[in-house]
Structure formats: structure tokens, C-alpha cells
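Okay, here's what each chain looks like letter by letter:
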There are 4 protein chains.
Amino acid sequence: MLIVMEAQATPDQIKAVEAAVKARGYEARPIPGGERMSIGVLRNKGAVDAALFVGLAGVKDVIPVTRPYKLVSRETRPEDTIVHVGGIAIGNGHPVVIAGPCAIESEEQALIIARHVKSAGAHLFRGGAFKPRTSPYSFQGLGLEGLKILAKVRQETGMPVVTEVMDTETFDQVEAYADVIQIGTRNMQNFSLLRQAGRSKRPVLLKRGLAATIDEWLMAAEYIMEGGNTDVILCERGVRTFVHHSRNTLDLSAVPYVRRESHLPIIIDPSHAAGRRDQVIPLARAAAAVGADGLMVEVHHQPDQALSDGAQSLLPEQFASLIRQVDQIFAIFKNS
Amino acid sequence: MLIVMEAQATPDQIKAVEAAVKARGYEARPIPGGERMSIGVLRNKGAVDAALFVGLAGVKDVIPVTRPYKLVSRETRPEDTIVHVGGIAIGNGHPVVIAGPCAIESEEQALIIARHVKSAGAHLFRGGAFKPRTSPYSFQGLGLEGLKILAKVRQETGMPVVTEVMDTETFDQVEAYADVIQIGTRNMQNFSLLRQAGRSKRPVLLKRGLAATIDEWLMAAEYIMEGGNTDVILCERGVRTFVHHSRNTLDLSAVPYVRRESHLPIIIDPSHAAGRRDQVIPLARAAAAVGADGLMVEVHHQPDQALSDGAQSLLPEQFASLIRQVDQIFAIFKNS
Amino acid sequence: MLIVMEAQATPDQIKAVEAAVKARGYEARPIPGGERMSIGVLRNKGAVDAALFVGLAGVKDVIPVTRPYKLVSRETRPEDTIVHVGGIAIGNGHPVVIAGPCAIESEEQALIIARHVKSAGAHLFRGGAFKPRTSPYSFQGLGLEGLKILAKVRQETGMPVVTEVMDTETFDQVEAYADVIQIGTRNMQNFSLLRQAGRSKRPVLLKRGLAATIDEWLMAAEYIMEGGNTDVILCERGVRTFVHHSRNTLDLSAVPYVRRESHLPIIIDPSHAAGRRDQVIPLARAAAAVGADGLMVEVHHQPDQALSDGAQSLLPEQFASLIRQVDQIFAIFKNS
Amino acid sequence: MLIVMEAQATPDQIKAVEAAVKARGYEARPIPGGERMSIGVLRNKGAVDAALFVGLAGVKDVIPVTRPYKLVSRETRPEDTIVHVGGIAIGNGHPVVIAGPCAIESEEQALIIARHVKSAGAHLFRGGAFKPRTSPYSFQGLGLEGLKILAKVRQETGMPVVTEVMDTETFDQVEAYADVIQIGTRNMQNFSLLRQAGRSKRPVLLKRGLAATIDEWLMAAEYIMEGGNTDVILCERGVRTFVHHSRNTLDLSAVPYVRRESHLPIIIDPSHAAGRRDQVIPLARAAAAVGADGLMVEVHHQPDQALSDGAQSLLPEQFASLIRQVDQIFAIFKNS
């Protein structure tokens with residue numbers, strides 16, 4: 001941490017800041033500059049809270065230096081984490097594709113789509129049983145019945161299943177059926193849920209919040225790892241910006257940045273980023289090319305009948321085309 | 001809902017869209033324009049999901065017309081909602097001030113601050129017992145002990161207390177001690193928590209999410225009202241933008257907009273918007289002038305010792321000055 | 001400038017960075033921390049370009065400490081700048097109100113509105129002769145004829161006039177007629193125009209860019225001051241965010257922040273921030289309360305006939321009401 | 001255009017709105033809905049200004065239907081525009097790569113880099129002679145001398161050259177030397193410059209503004225096309241968001257969206273989006289995969305000595321690697 005003083009800060013103000021640093025148990029090191037004094041904060045274990053010093057008299061800025069995360073950091077663990085689900089390894093350089101409908105609507109719907117995506121080459125099946133919906137009047141998912149359908153899909157197709165958990169009450173239920181537990185965008189900072197996921201034996205797919213910085217996202221993963229669960233998969237799905245020609249703005253620079261900062265695998269969800277079908281394949285190709293560890297894509301055989309998110313769901317034949325296209329890109333970079 | 005067709009849409013595409021509208025149980029009304037056809041969707045009860053039609057062949061845009069919310073809408077209830085807490089009415093034209101520390105740290109700390117803010121003119125006391133923290137290593141609040149301290153503050157000062165609930169497990173505990181239950185920014189779309197708040201007898205203070213549109217915020221309030229709890233207070237606390245000279249960007253146009261759209265009271269939290277002490281009083285004055293129903297402000301007698309958010313906490317004498325300033329502004333507009 | 005090294009940076013990498021700092025003529029000071037080395041860059045005059053060091057091997061972050069601006073900085077000039085226009089002083093604690101139509105449409109229109117706003121209490125008249133328009137097919141302003149009408153307004157009402165300059169070709173023309181030259185949002189970083197404004201004898205009203213940080217805005221003012229023109233008035237008019245219930249998001253924290261960083265006066269344009277009439281008066285009140293040095297407001301006697309921006313223009317009686325309201329707020333804080 | 005009335009709008013208010021529509025020369029068509037009346041605006045040529053109606057009594061919303069652009073629209077010209085520069089065609093399915101330093105610093109520097117990028121496979125050379133700089137104290141480019149160096153580069157390497165024009169004064173100079181005239185991000189809405197570019201015989205590379213919607217960007221291109229210059233190349237280079245792990249957020253969904261809306265070619269500049277070298281190659285691969293017509297990349301043989309933007313410049317061997325990687329991606333999709 002670096003505390004930057006105002007150019008006109010008095011010697012007494014500087015002394016008071018040094019004293020405040022020491023009172024917190026840190027070392028204060030004055031660093032005289034051309035125009036102003038700065039004070040380095042040393043001997044800290046982990047990040048220091050900037051808020052402690054930002055309001056003191058004569059202080060112009062407080063600049064964090066240390067990153068706040070530990071367990072998720074590549075500095076703590078230089079080698080990539082590989083998450084194993086069923087026989088599938090996520091993060092080992094062989095990208096995975098997770099596909100399925102937004103919501104499980106019926107056993108028939110789930111099985112039809114599951115057969116399609118498996119034959120096209122998907123590795124895991126996704127489908128929501130508990131759906132977070134902006135409106136209390138929208139379809140909220142089939143709940144336990146949906147989970148049971150997911151189990152049938154796994155049994156019939158052999159694909160591990162990914163499904164979202166919405167709260168701590170239904171956590172055990174979801175955990176009993178899911179191979180990978182998804183924590184959604186709106187719950188990225190639901191800390192009680194993160195702690196419970198930290199105690200789970202299941203891998204967790206953690207979606208980035210709608211306006212989350214990568215620091216905040218990695219800190220959410222840190223909650224899970226701190227609880228003892230090291231199997232965390234990050235999922236970028238677009239952030240909210242002023243842009244409205246897509247539902248969200250897919251932030252692909254997150255991939256190289258997360259790779260540099262963390263050892264955790266990162267996949268991309270182009271469907272929620274786009275919010276409209278005609279952008280999903282181009283964004284999926286871009287995600288493959290940027291170096292993501294995989295994709296999560298919404299597919300529906302009757303998107304105009306879907307109970308949620310039909311507009312962004314690919315038709316099975318479009319999904320098969322997507323797989324063919326991204327496979328060629330993945331093939332180029334597999335060994336690079 | 002208005003479905004706008006491409007200029008080159010074929011008659012068959014137009015017919016297919018009309019059929020899709022009818023298949024959902026709505027009426028389709030063609031509206032020929034200068035360059036293209038549009039199709040109005042009529043006979044809907046409540047908002048229609050744009051996603052149902054956005055991907056159909058020949059469709060250029062789908063434009064919602066009806067607002068998605070009902071119970072929170074001023075069209076449903078033209079007169080202002082007034083929320084009563086203790087002897088205090090929120091939303092009746094007499095603005096309220098809620099003040100206290102970010103977190104309850106000890107009985108002594110809470111009582112000292114409570115006496116200060118009460119003597120300065122605060123109406124309600126705020127303080128966190130369960131704290132949502134970005135880092136798992138930060139102080140997480142005193143929990144139940146903090147709630148008991150809040151009860152003592154109420155007993156000694158007579159001020160009703162506002163405190164945040166973080167999850168459904170601790171909801172009953174919080175409800176047992178709090179006069180107003182706060183749902184924080186990160187939980188604005190924690191739908192399980194919203195539903196539980198909807199079953200509570202306590203008023204709910206619902207903070208706006210970091211990147212929430214007002215539609216989404218009002219829909220979160222709709223979840224609470226739909227559960228039967230009509231005592232919802234909205235609280236604007238800044239949104240996340242590219243701006244970094246304040247922690248968040250306070251969106252004061254939310255006040256006239258919410259007033260037009262909804263009958264619910266709306267207050268402003270300048271402390272979390274600013275994130276730094278020197279902007280809190282100017283923003284509080286602006287909030288009073290824009291017509292908010294009240295303020296929520298963080299105060300600490302030893303901000304450089306605070307366990308959280310010290311940088312944005314006012315000193316007691318600064319808070320007293322804030323009250324004197326905003327009272328003059330409130331006085332001007334009381335009867336306007 | 002502080003260069004933060006990776007935790008695993010080698011001694012050779014650290015030496016190479018020190019050498020790179022020295023090669024630029026600065027002093028390099030190593031600052032060992034708990035987990036990593038940082039290197040302070042000293043003996044710089046003015047800000048150092050972070051880009052010089054950000055890509056070097058072993059470098060994690062490069063953190064600027066010195067602000068890039070000099071002449072606009074309050075550290076350079078502690079006392080407030082007061083800009084004199086006609087007999088009016090801007091920035092001396094007596095707030096000014098600038099009002100008029102978006103565009104000058106005719107002599108009759110300009111004079112009718114000018115008389116209205118003057119009798120309501122406006123100090124300066126505004127009106128566009130050259131209009132920056134998103135569409136080439138929209139009304140582009142009356143040009144020279146509009147400037148001549150502005151001169152008539154000044155002659156008849158005694159109000160100094162503010163009008164926008166769009167390019168260097170028409171600069172002299174605008175300068176010959178205007179009392180204050182406005183540089184608009186889209187031209188905030190039109191550096192050729194800023195340099196020409198720097199050579200002008202007229203005060204310049206510099207609007208903030210749609211996505212400009214305050215540093216960038218102050219640097220644009222620095223261009224003008226560096227050219228020799230010290231009469232710069234800053235104007236905040238809303239920034240672009242994900243929010244769409246107002247046209248832009250008014251960033252009122254800019255006022256206390258600019259006051260701290262710079263000696264230049266700052267006024268607020270609530271009309272362009274709101275983009276719709278019903279939010280203008282509430283935001284104008286907020287602007288007065290936050291401590292701005294003045295307001296710029298669009299007024300039109302026939303807004304539904306206006307050739308541009310009618311939706312955000314106040315009717316004359318609404319403007320008179322605005323003046324009455326903000327005057328009461330200004331009166332409270334005049335001497336505070 | 002659709003004008004949506006409040007649910008409580010009176011018949012008189014509805015009639016007044018219809019009259020206002022007719023007074024503008026349009027046809028008003030009432031469209032009764034379940035809860036409210038809407039009024040369609042017909043017989044308009046081109047987009048209608050929403051501002052005309054948004055403030056009328058009883059009006060809740062005004063929703064544009066027609067896109068504001070004409071000449072750039074794919075509805076006007078269904079086939080792709082191909083821009084020819086030297087012997088190179090941009091937009092014909094064979095992607096182009098434009099490369100070179102941020103700024104021309106000397107003949108030696110320009111020639112060294114030009115030979116590198118040509119041998120690696122670049123088609124056009126880029127380099128700034130006039131540099132828009134945030135600070136008046138930064139290197140502003142070599143001006144005319146830089147243009148002459150570009151001419152030498154073209155003569156020696158045969159590569160056409162792209163360089164930025166900053167203002168109308170130096171337009172003719174730039175036009176005399178450049179093969180493609182670049183209009184930069186900060187000048188995207190410098191309408192005087194756009195008009196002059198519309199009268200030029202040179203192709204124009206139009207960068208997207210930092211916070212420009214695609215509608216605004218296409219309208220800027222419309223200014224150029226309306227002046228008679230049909231050779232416009234769009235260049236996405238990242239937009240400003242809350243994200244700070246890259247300098248800007250690359251908005252790749254712009255590519256499929258622009259392709260749908262317009263016939264103009266679109267290329268991607270990953271260097272300015274990233275702002276740091278380690279993200280440039282991943283983003284360039286993503287840009288190739290998303291379907292862009294080309295790339296513009298900054299390259300410098302001594303980036304730590306560069307006078308501007310060194311941090312984001314690739315070394316020549318990195319650029320060669322980039323070309324090899326994107327060529328493989330381009331090869332996949334060439335015929336798809």
C-alpha cells in the first residue's frame with residue numbers, strides 16, 4: 001500500500017499518517033518524491049484496507065499494491081488447476097463444451113436436447129431446475145422435479161450435469177443431483193451461498209457478476225476455496241455496459257488476465273452475453289480463439305416455445321455447426 | 001409489445017410472427033409503416049417476454065411497451081405509500097435521517113455513536129451485525145451479539161434500528177431484533193431472500209444493485225410486495241460506472257423517475273456512493289434537494305479505528321453539520 | 001510513479017527495470033515489501049507515462065502518483081479562479097444561471113425566450129448557432145445568422161451570450177460574437193480546437209466528454225490554459241452509463257472532486273443530463289445544493305415546436321419556478 | 001415511432017398528441033392496448049426525433065422504430081462494400097492486417113518496423129504523424145515530416161499507408177500523403193472533420209468513439225457517405241466501461257451486429273483495446289474468429305523506447321507469431 005500525501009501536507013500531517021500506519025501494526029516508510037511525500041505501508045500480511053487511511057488529513061490518495069486474494073492466486077499456486085467431473089478434465093488444455101436448455105421444462109424436452117448436444121459433441125449437459133427470474137411472475141423452474149430429470153439425462157446419456165443453486169435451503173438438494181454446482185451472476189456475492197459451496201464436495205462453476213471486477217470475482221472464488229473446496233471453474237458471461245446491441249458486453253480480455261492472475265480454469269458463456277441467437281456463434285468462436293478452457297451454450301430444439309431465454313438459444317443444427325467451428329479453432333491452439 | 005420487422009421481411013415471415021403471437025394467446029395487430037411492418041402484441045396481461053419473439057426470422061427488434069411491474073407501480077396505486085416504523089413515517093413529505101456506523105463493533109461504540117446521531121437529529125439508527133464483505137478475511141460482523149447491541153441502542157435512545165440481513169438462515173434472528181430489515185446491494189436479486197422478506201411483518205429497506213436498472217430494482221420490490229409485505233423503502237446508493245473519483249456514481253435522477261413510476265418511498269445513501277468522507281455532505285445536500293424521502297448516512301466517532309468503511313464515515317460533528325444543512329433544504333421543499 | 005514487481009520477479013528483472021527508469025532520466029528507488037519489490041520513480045518533473053514501464057519483464061503494475069495536470073491544479077494555484085463576463089463574475093460564490101434555447105431558430109424565438117429568462121433571473125443567455133448533430137439530416141443551426149441574432153439578444157437584454165464553437169474554421173466568427181465560447185461534449189478532446197481556444201481572449205466553457213474521466217477533462221482545460229487563456233469554466237452535463245431512465249447520468253460528485261483538485265469554476269447542465277423535462281428541476285436543485293458555481297438550462301417557449309432538444313427544454317414558467325427554487329438553496333450556502 | 005401513453009392519459013391528451021404528430025406532417029395511428037393507448041407515427045421519411053413528443057402531457061414513452069441511418073444501411077445496399085487501397089481489397093472475405101508503430105518517430109524507426117511487419121505478412125502500414133494526446137506536454141507527432149517518412153515507407157515497401165488526421169487545417173496535407181485517412185476515436189463526432197472526409201477521394205478508416213453506440217458510429221459514417229465518399233472502413237477499438245484490467249473493453253459483438261445493419265467493412269484494433277502487450281495476441285485471435293474483415297495492430301522494435309503507447313506495442317517477433325496464429329483462424333472461415 002502506498003499513501004500519497006498532498007503537495008502541501010504539513011510535517012505534522014505526515015507524522016500523524018505514519019503513526020496511524022504503525023498503530024495498525026504495519027511499518028511506515030516515507031518516500032520523498034519531486035513534489036510530494038508518499039508513505040509505503042510494509043510488513044502487512046495480505047492486502048491492507050485502503051479505507052483505513054483515505055480520510056486522514058493531508059492524504060491525497062491511497063493506492064493498494066498487494067492483491068487481496070491468496071488461494072486463487074497464481075503466485076500461490078503456479079500450475080493450472082484441473083477440475084475433474086466424471087471422466088472429464090476441465091482446464092487441461094482440452095476445452096470442454098457444456099450445453100443444454102436454459103431451463104428444464106420436461107423430461108421429454110431435456111432428453112431430446114441432451115441427445116442432440118451429445119451427438120454434436122458436448123461434454124456436459126446444463127439445465128436449470130431452480131431459475132433466478134427478474135420477475136416473480138415468470139416461470140421459476142421445476143425445482144426437485146427438474147433435478148430428477150437431470151439425473152435421468154445423466155443416466156441415459158452419460159453426460160455429467162451442471163445446474164444452478166439459488167439458495168442455501170436448496171443447496172443439499174442440488175448437491176445431491178448435480179455433478180457441477182453453478183452459482184449464478186446474481187449470487188456471485190451471496191457470501192452465505194459461497195461459504196456453503198466451499199464446504200461442498202462438488203465442483204463449483206462460478207459466474208461473474210454483472211458489474212464485478214475481476215478482483216471481486218476472484219475474491220468470491222477465494223470464499224469457496226477458503227472453505228476447502230478447490231474445484232472452482234470461473235465463467236465469464238458478459239458485463240453490463242452502456243452497450244445495448246447485445247444484452248451484455250462479453251469481456252474476453254478476462255481470459256488472459258485471469259490466466260495471469262489465477263490458476264483456476266475459465267470458460268465463456270456466449271449465450272447470456274449475446275442475448276440473441278445471431279451473435280452466439282461468432283462470440284463462441286472468439287471465446288475459443290482467445291484461449292478459454294471451454295464454453296457453456298444454450299440450446300433448445302423449439303426455442304420459440306421455450307419457457308425462458310428462447311431468443312438466445314441455438315437450434316440443435318446451429319449448435320452442431322458451432323461445435324464444428326470451435327473445434328477447428330481449439331485444434332489450432334491445443335499445443336500452443 | 002411491438003415487434004418490428006426487417007424492411008425486407010417477406011409476407012410469410014410476417015405471417016409466421018403473427019402466428020407465434022397468437023400461439024402465446026395474444027392478439028397480433030399489423031401496423032404498416034413507411035419502410036417496414038410492425039406487429040403490435042395486444043390482449044396481454046402484464047409484460048410479455050421480448051425473448052419469445054426476438055429470434056424469429058425477419059424480426060429486427062422487439063420493443064416492450066408495458067412495464068413488467070404491477071404492485072409497485074403508481075398506475076396500480078396512485079397515492080404515495082407511507083411506511084411507519086416506531087412513531088416515524090417514511091414517505092409522508094417529512095424526510096427521515098438514518099445514521100450510525102457501518103458495523104456494530106461493540107456496545108460502547110454503538111451507544112456513543114447512537115447518542116451523537118440522536119442528539120444531532122437522526123430518526124433511526126443503522127448498524128451492521130452481519131456484514132457482506134468482498135474478502136473472506138475481513139471482519140464479518142458480530143452476528144447475534146451485534147443484534148443484541150442494536151436492541152440496547154433502541155432501548156436506550158428510543159430510535160428504531162435498521163440492520164442488514166444476509167441470508168435466509170439468519171432471517172428470523174434479524175427480524176426478531178430489527179425494526180427495519182435491510183436487503184443490501186449484493187442481494188438485490190437474491191430472490192429467495194426477497195420472498196422471505198415478502199412474508200415478514202417488518203418494513204424492508206431495499207438497496208439498489210450495483211448495476212441494476214430501475215426496472216430490475218422495482219421488480220425486486222415486486223417480489224417483496226407479491227409476498228404480502230407492502231412496506232418497502234427503496235434506497236439508491238450509487239451505481240458502478242467508468243468513474244473512479246467516487247466509489248460509485250450516485251444516480252439522483254432515480255428519485256424523480258421512481259416517483260413517477262412507483263408509489264414507494266425512496267431514500268439516498270450518500271456514504272456508499274461517495275466512498276470518501278469529503279464528498280458525503282455535498283451529496284447529502286444534493287439528495288435532499290432532489291426530493292428524496294430521506295437519507296442514510298454512516299457516522300463513526302473514531303473512523304480511523306473503524307473495522308469497516310472508516311473512510312466514508314462522518315465524524316459526529318460533521319454529521320451534525322450535515323443535518324443542519326439538509327434540514328434547511330428539506331424546509332424549503334416541505335410544502336412544495 | 002510506483003512500479004510494482006511480480007512476487008517471482010528475478011533480481012535481474014528488477015535491475016533491468018531500474019536501468020530503464022534511469023535511462024529516462026529519473027531516479028529509481030527500490031522499496032522492498034512483504035511479498036514483492038516495488039520501485040519508486042523519482043526526480044520526475046510532471047507525470048511519468050506509465051506505458052513506458054508497464055510491459056517490462058517482471059512488472060506487475062505501474063501506478064501513477066503525480067497528477068498529470070499543472071496549470072489547472074489547485075496545488076499550483078490555491079485560490080479559486082473567478083471568470084468575469086460582462087459585469088458577471090463566475091466562481092466567486094454567487095452562482096450564475098445561463099439559460100436559453102438549445103438552438104437559435106429565429107430572431108423572434110431568441111428574443112421571446114431571452115426576455116423570459118432574463119425576467120426570471122438568468123444572468124447569461126445561451127443558444128446554439130452551429131449545432132453538432134448526430135445525424136447529417138438534422139437541423140444544423142443557423143450559423144452566422146444565428147450569431148447575429150445572439151448579438152441582438154445581448155444588445156436588447158444586456159445579457160452576455162454563450163454559444164458553441166464546432167471547429168477551427170468558424171472559430172473567429174464565433175469569437176467575434178460570443179461573450180463565452182462553449183466547447184461541447186463531443187469536442188472535449190478536439191485538441192486543435194482546444195489550442196485555438198487557448199489563444200482566444202474569450203472565456204471558454206468546457207463541457208465534460210461523455211465518457212471522460214476528470215483527469216482527462218482537466219487535461220483538456222490544461223490545453224486551453226497552456227495556450228495562455230486562464231478563463232476556463234468547467235461544465236458537467238452527465239456521463240454515459242448503463243442507465244437509461246435519464247439520457248445521461250449526472251455525476252454530481254464531480255463538483256466536490258473538481259473543487260479539491262482544481263481552482264477552476266464548475267457549473268452543471270441538468271438539461272442534457274436528464275434529456276427529459278420532468279427531471280430537469282429536481283437535478284437543478286441537486287446541482288445547486290451540491291455546491292456548483294452555476295447552472296446552464298435549456299428553455300423554450302414552444303418546446304413541441306423546437307428544432308432540437310425540445311423534450312428537455314423547460315417552459316418559461318417552469319424555468320421561473322426553477323430559479324425560485326435554486327435561489328433558495330443558493331441562499332443557504334452562499335456564506336458557508 | 002411509437003408513442004406510448006400513460007394508463008391514465010385522458011382522451012384530450014391523446015387527441016393532443018395525435019394533433020402534434022399531424023402538425024409535423026406525419027400520420028398518427030391509435031393502437032389500443034390492454035392497459036394503455038399507443039400512437040404509431042407513420043408516413044415519416046427517415047427517423048423521427050423522439051424529443052418532439054417525449055415531453056407532451058400524458059406521454060409515458062416514445063420509442064423509435066426506424067433506424068436513423070440510410071446510406072450505411074444494409075437495407076439500402078444489401079451487398080458488402082469492398083474498399084480498394086493500392087492493390088488491396090478490404091471487405092471481400094480476405095482479411096487485411098494493418099500494422100506499424102503508434103507514432104512515426106524517425107525515418108529509421110519507421111523503415112525498420114515497416115520491413116518487419118511486411119515480412120511478417122502485414123498488408124498496410126500504419127503510423128501517426130499528428131498524434132492526439134491527452135496531455136499538451138506529451139509528444140505530439142512529427143507532423144509533415146512524419147507524413148514524408150510515411151511516403152518513403154510506401155515507396156520502399158510498397159505498402160499503402162494509414163495515418164490519422166486530427167483537424168480540418170491539416171486535412172489536405174494528410175490527404176496528400178495517406179492512402180487511407182484515419183479518423184480517431186476522439187474525433188468520431190467531429191462533424192466538420194467528417195464532412196471534409198466526405199469530400200475526400202481517399203478511403204476513411206473511422207474508429208468508434210469511446211462511448212459511442214453503434215447507431216452513433218454508423219451515423220458518423222453516414223456523414224462521410226452523405227458527402228459522397230463511399231469508401232468507409234469501420235474500426236472497433238474497445239469502449240470505456242467499469243472494467244480496468246484492460247484499458248478498454250473490446251466489444252466483439254459489434255462485428256456481427258454491424259454486419260447485420262450495414263454493408264461497410266469492419267476491422268478490429270486489439271492494441272488500443274488491451275492497452276497492454278500481453279492481451280493483444282489473444283484479442284487479435286478472438287477478432288479473427290468473430291469474423292472481422294481485418295486487424296490493426298501496433299508494433300515497435302524497441303517498445304521501451306517508444307515515444308507513445310509502448311506498453312501495448314508488440315515486438316516484431318510477437319507480431320509475426322500473431323500473424324501466424326490469426327492466419328490459421330482466417331483460413332478456417334474464409335469460405336464459410
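Residues numbered from 1 in each chain as written. Chains lettered and ligands numbered in written order. Predicted model: local features only at pLDDT ≥ 70, side-chain atom pairs only at ≥ 80, totals over all residues.

Colleague: Mind showing me how you'd approach the sheet that holds strand S3 (residues 37-42) of chain B here?
Modeller: Picture the strands of a sheet paired through backbone hydrogen bonds; they go either parallel or antiparallel. All names here are of chain B. Taken in spatial order, the four strands line up as S2-S3-S1-S4 in an open sheet, and their pairing is antiparallel. Two strands lie at the open edges of the sheet, namely strand S2 (27-32) and strand S4 (59-63), each paired on one side alone. Direction aside, the axes of adjacent strands within the sheet are offset by 20° on average. Bridge count between strand S1 (residues 2-5) and S4: four bridges; the pairing is antiparallel. Within the sheet, the bridge partner assigned to Val-4 lies in S4 and is Asp-61. Each of S1, S2, S3 and S4 is contacted by helix H1 (residues 11-23), which is oriented at about 10° to S3, the strand it contacts most. (Pairing = 2+ DSSP bridges. Helix = DSSP H or I, 4+ residues; strand = E, 2+ residues; numbered from the N terminus. Axes fitted to C-alpha atoms, helices over the stretch in contact; angles between N-to-C directions. Contact = placed C-beta atoms within 7 Å.)

Colleague: What is the right way to look at the packing of helix H10 (residues 316-333) of chain B against helix H10 (residues 316-333) of chain C in this model?
Modeller: Think of two packed helices as two axes; the pair is described by the angle between the axes and how far apart they sit. Remark: H10(B) packs on H10(C), axes separated minimally by 10 Å, with the N-to-C direction vectors making an angle of 155°. Our classification of the angle between H10(B) and H10(C) gives roughly antiparallel. Crossing angle aside, the handedness with which H10(B) passes H10(C) is right-handed. Contact with H10(B), carried on its side by Gln328(B), Ile329(B) and Ile332(B), involves Gln328(C), Ile329(C) and Ile332(C) of H10(C) and no other residues of that element. Its residues assigned to classes, the contact of H10(B) with H10(C) shows four nonpolar, two polar and no charged. (Parallel < 35°, antiparallel > 145°, perpendicular 65-115°, else oblique. Left-handed = near helix turned anticlockwise from the far one by under 90°. Nonpolar A, V, L, I, M, F, W, Y, C, P; charged D, E, K, R; others polar.)

Colleague: Explain the relation of the copies chain A and chain D to me, please; I cannot follow it from the model alone.
Modeller: The pair of chain copies shares a relation made of a rotation about an axis and a shift along it. Superposing chain A onto chain D takes a rotation of 180° plus a shift of 0.0 Å along the axis, which leaves an RMSD of 0.0 Å. Considering both components of the superposition, the chain copies are consistent with a two-fold axis. No C-alpha of chain A lies nearer the rotation axis than that of Ala286(A), which sits 2.0 Å from it. Comparing interface residues between copies, 100% of those in chain A also lie at the interface in chain D; the contact surface is shared. (Least-squares fit on C-alpha atoms with pLDDT ≥ 70 in both.)

Colleague: I would appreciate a short explanation of the domain arrangement of chain A in the present structure.
Modeller: For an interface, size is often stated in terms of accessible area lost upon the parts coming together. Per the domain assignment, the segments making up chain A are domain 1 (2-63) and domain 2 (83-333). Each of domain 1 of chain A and domain 2 of chain A has a C-alpha centre, and the two are 44 Å apart. (Domains from an automatic or database assignment.)

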